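Inside the fold
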Amino acid sequence: MDRIIYPENKIVIQFMVYQDSDDNESDYDEERQILLETNNISGFTISELMFQINNKVVENEEDNIDISEQDAVFFEGLEYLTDDDPDYTQTKVYYMILGS
């Protein structure tokens, strides 16, 4: 659990969030991104990365994110997307794969 699995101190996680509308006729999926940072100069351990992802996407009232009520809530992995995101320069972006 203490082995470094991601040797950078920042990572962006992109994922889809199901949004309920007030009228229930225009519900939609919204693409969201979260930036995670570690104080460990060597990078993220698996336990820290998973802990931070969970804390940011489940019942996070501060950022208005909660995937716990969606159909697809089970973490299935991360897939590399890019290191050229205009919102997060020089930070790699990974897509969080969720399943049901």
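Below is a short write-up of the structure. Remember, predicted model here, so these are calculated numbers, not experimental data.

**What about the overall build of the chain?**
- Looking only at helices and strands, the chain features 1 helix and 6 strands.
- Listing every helix and strand of the chain by position from the N terminus yields β-β-β-β-α-β-β.
- Looking at the chain residue by residue over its 100 residues, the buried ones come to 32%.
- Expressed as a percentage of contacts within the chain between residues at least 6 apart in sequence, the contacts between residues at least 24 apart total 53%.
- Accessible surface, the chain as shown: approximately 6900 Å² in total, 41% of it carbon and sulfur.

**Considering unusual backbone geometry**
- Phi angles above zero are rare outside glycine, and Glu59 is one such case at about 50°.
- Examined against the element boundaries, Glu59 turns out to sit in the loop between helix H1 (46-57) and strand E5 (74-82).
- Phi is positive for Gln90, which is not a glycine, with a value near 55°.
- Looking at where Gln90 falls in the secondary structure, it is placed in the loop between E5 and strand E6 (93-99).

**Some thoughts on the nonpolar core**
- With 16 residues, the main nonpolar core has Ile11, Ile13, Phe15, Leu36 and Val57 as its most contacted residues.
- Residue assignment for this core shows that the elements contributing at least two residues are strand E2 (10-19), strand E3 (28-37), H1 and E6.
- Per element, the largest residue contribution to this core is 4 residues, and it comes from E2.
- Those residues within four positions of Ile13 in sequence are excluded, and the remaining contacts are Arg32, Gln33, Ile34, Leu36, Ile53, Leu78, Tyr94 and Met96.

**Quick look at the environment of Tyr88**
- Mapped onto the elements, Tyr88 comes out in the loop between E5 and E6.
- For the pair Tyr88 and Lys10, spaced 78 residues apart in the sequence, the C-alpha separation amounts to 9.8 Å.

**So, the pairing of E6**
- Among the 7 residues that make up E6, 5 are buried, leaving the element largely enclosed by the rest of the structure.
- Across 7 bridges, E5 lies against E6 in antiparallel orientation. Its bridge partner being in E6, Phe75 is matched across the sheet by Leu98.

**Quick look at a nonpolar patch on the surface**
- Taken together, Met1, Ile5 and Ile46 make up a surface patch of nonpolar side chains, about 290 Å² in accessible area.
- The residue Ile5 is located in strand E1 (residues 4-6) in this model.

**A few points about the packing of aromatic side chains**
- Applying the stated criterion to the full structure yields 3 aromatic pairs.
- Taking 6.1 Å as the distance between ring centres and 50° as the angle between the ring planes, the aromatic pair formed by Tyr6 and Phe44 counts as tilted. In this pair, Tyr6 is assigned in strand E1 and Phe44 in strand E4 (residues 44-45), connecting sequence segments 38 residues apart. Like Tyr6, the residue Phe44 is buried in the burial classification.
- Between Tyr6 and Tyr94 the ring centres are 5.8 Å apart and the planes differ by 90°, which places this aromatic pair in the edge-to-face class. Of this pair, Tyr6 sits in strand E1 while Tyr94 sits in strand E6, and the two are 88 residues apart along the sequence. Both residues of the pair, Tyr6 and Tyr94, count as buried.
- Each residue in the set Tyr6, Phe44, Tyr80 and Tyr94 is aromatic and connected to the rest through ring pairs, giving one cluster.

How each quantity is defined
- Residues numbered from 1 in each chain as written.
- Predicted model: local features only at pLDDT ≥ 70, side-chain atom pairs only at ≥ 80, totals over all residues.
- Heavy atoms only, no water.
- Helix = DSSP H or I, 4+ residues; strand = E, 2+ residues; numbered from the N terminus.
- Buried < 20%, exposed > 50% of the residue type's maximum accessible area, 1.4 Å probe, protein only.
- Contact = heavy atoms within 4.5 Å.
- Areas by Shrake-Rupley, 256 points an atom, 1.4 Å probe, with all protein chains shown as cover.
- Core = buried A, V, L, I, M, F, W, Y, C linked by side-chain atoms within 4.5 Å.
- Pairing = 2+ DSSP bridges.
- Patch = residues over 30% accessible without salt bridge, like charges linked within 9 Å, V, L, I, M, F, W, Y side chains within 5 Å.
- Salt bridge = Lys/Arg side-chain N within 4 Å of Asp/Glu carboxyl O.
- Phe/Tyr/Trp six-rings, centres within 6.5 Å; stacked < 30°, edge-to-face > 60°.

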